[in-house]
Amino acid sequence: PDFTWIKDRSAANTHVLFDSVRGGTKQLFSNLTNSEQTNTDLTNGFASDGFIVGDNITGTGATNLNSNTYVAWNWKAGGTAVSNTAGTITSQVSANTTAGFSIVSYTGNGTIGATIGHGLSSAPEMMIFKNRSGSGQWNVYHSSLGNTKYMLLDTANAQATSTWLTNTNPSNSLFTLSNFGDTNASASTYIAYCFNSVEGYSKFGSYTGNGSADGTFVYTGF
């Protein structure tokens with residue numbers, strides 16, 4: 001895999017996320033605003049057929065405590081990142097266009113209207129952003145919310161309104177940012193996970209609950 005997300009099932013420990021673009025020994029935590037941590041005791045890279053955890057002696061999060069049970073979600077991007085110069089900010093991108101998933105690393109410039117290449121062949125329908133070099137919330141764009149609203153992974157809050165996407169929908173090659181600190185502060189480093197639907201494989205959308213035991217039918221096309 002190129003992106004792995006681990007959660008301890010048997011104890012109240014922090015989610016641990018790592019990817020091949022940032023490096024397999026660098027962790028972020030989807031329920032915390034902490035900056036990136038480097039700790040080989042927690043995760044120790046990727047293998048050709050999986051991922052490697054440490055002995056969990058130190059560090060934030062949990063991946064391998066004795067007798068604890070875990071779940072891990074894994075995504076395959078495009079392997080080693082390549083430079084993408086499509087935007088006004090050069091990004092490092094590992095993209096799997098067949099699966100509609102890319103990992104994007106970039107350094108913010110604090111400029112409203114900055115554009116960044118995401119490496120996909122279609123406009124992303126969901127993007128998750130995190131400041132790596134400083135404390136910051138996990139900002140989530142979703143096409144069903146539009147480009148003036150966002151949600152947060154690290155809180156239970158409802159959707160909120162912001163112009164951190166500068167009222168601009170992502171295109172087939174780029175996404176556009178404002179100077180919002182959680183996505184584009186000058187000299188801060190960021191990671192973005194980008195997704196688009198692939199017919200018969202993945203789907204991104206929304207639904208409205210009806211409070212009925214029969215439930216709302218949600219069509220995915222699978």
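Use the structure listed above.
Every value quoted in this text rests on a predicted model; they were computed, and no experiment measured them.

With that out of the way, let us pick up the packing of aromatic side chains. Taken as a whole and judged by the stated rule, the model has 15 aromatic pairs. Look at F3 and F101: their rings are 6.0 Å apart centre to centre, the planes differ by 20°, and that puts the pair in the stacked class. Taken together, the positions of F3 in strand 1 (residues 3-8) and F101 in strand 10 (residues 101-107) put the pair 98 residues apart, joining distant regions of the chain. On the basis of relative accessibility, which here comes to 2%, the residue F3 falls in the buried class. On the numbers, 4.1 Å between centres and 10° between planes, the contact of F3 with Y193 is stacked. Taken as a pair, F3 in strand 1 and Y193 in strand 17 (residues 189-195) lie far apart in primary sequence, 190 residues in all. Three or more aromatic residues link up through ring pairs in this structure, and these residues are F3, W75, F101, Y193, F195 and F204.

Time to look at the sheet that holds strand 4 (residues 37-38). With respect to topology, five strands assemble into an open sheet ordered 4-3-2-1-7, the strand pairing being antiparallel. The open sheet terminates on both sides in strands that have one partner only, identified here as strand 4 and strand 7 (70-75). Pairing between strand 1 and strand 7: six bridges, direction antiparallel. Its bridge partner being in strand 7, W5 is matched across the sheet by W73.

Moving on, we come to the nonpolar core. Counting 19 residues, the largest nonpolar core has V104, Y106, F129, F175 and L177 as its most contacted members. Contributing elements (two or more residues each) for this core: strand 10, strand 11 (114-117), strand 12 (126-131), strand 14 (149-152), strand 16 (174-177) and strand 17. In this structure F175 touches V104, Y106, A114, T115, I116, H118, M127, F129, P170, A192 and C194, once residues within four positions along its chain are discounted. Ranked by size, the runner-up nonpolar core spans 16 residues in total, among them F3, W5, M126 and Y193.

Moving on: the environment of N169. Topologically, N169 is positioned in the loop between strand 15 (160-161) and strand 16. With sequence-adjacent residues up to four places away left out, N169 is seen in contact with Y141 and N147. Of note is the side chain of N169, whose polar atom sits 2.9 Å from the side chain of N147.

Read from one edge to the other, the open sheet built from eight strands follows the order 8-9-10-17-12-13-14-15, with strand pairing classed as antiparallel. In the strand order of this sheet, the two ends are held by strand 8 (82-84) and strand 15, each with one partner.

Attention now moves to the side chain of S202. Within the secondary structure, S202 is located in the segment after strand 17. A polar contact of 3.5 Å, which involves the side chain of S202, links it to the backbone oxygen of N196. When near neighbours in sequence (up to four residues on either side) are disregarded, S202 contacts A99, N196, S197 and F222.

Looking now at the pattern of salt bridges. Considering all chains together, one arrives at four salt bridges under this definition. When the shortest N-O distance is used, the salt bridge between D19 and R22 registers 2.7 Å. Take D19: its relative accessible area is 0%, and that puts it in the buried class. The salt bridge partner of E36 is R22, with a shortest N-O separation of 3.0 Å. Highlighted residues: E36 in the loop between strand 3 (23-28) and strand 4 and R22 in the loop between strand 2 (16-19) and strand 3, separated in sequence by 14 residues. When sorted by exposure, E36 lands in the same class as R22, which is buried.

Reading guide: rules and limits
Residues numbered from 1 in each chain as written. Predicted model: local features only at pLDDT ≥ 70, side-chain atom pairs only at ≥ 80, totals over all residues. Heavy atoms only, no water. Phe/Tyr/Trp six-rings, centres within 6.5 Å; stacked < 30°, edge-to-face > 60°. Helix = DSSP H or I, 4+ residues; strand = E, 2+ residues; numbered from the N terminus. Buried < 20%, exposed > 50% of the residue type's maximum accessible area, 1.4 Å probe, protein only. Pairing = 2+ DSSP bridges. Core = buried A, V, L, I, M, F, W, Y, C linked by side-chain atoms within 4.5 Å. Contact = heavy atoms within 4.5 Å. Polar contact = N/O pair within 3.5 Å; in protein donor to acceptor, adjacent residues only side chain to side chain. Salt bridge = Lys/Arg side-chain N within 4 Å of Asp/Glu carboxyl O.

Spatial relationships are all this shows, so hold off on functional conclusions.
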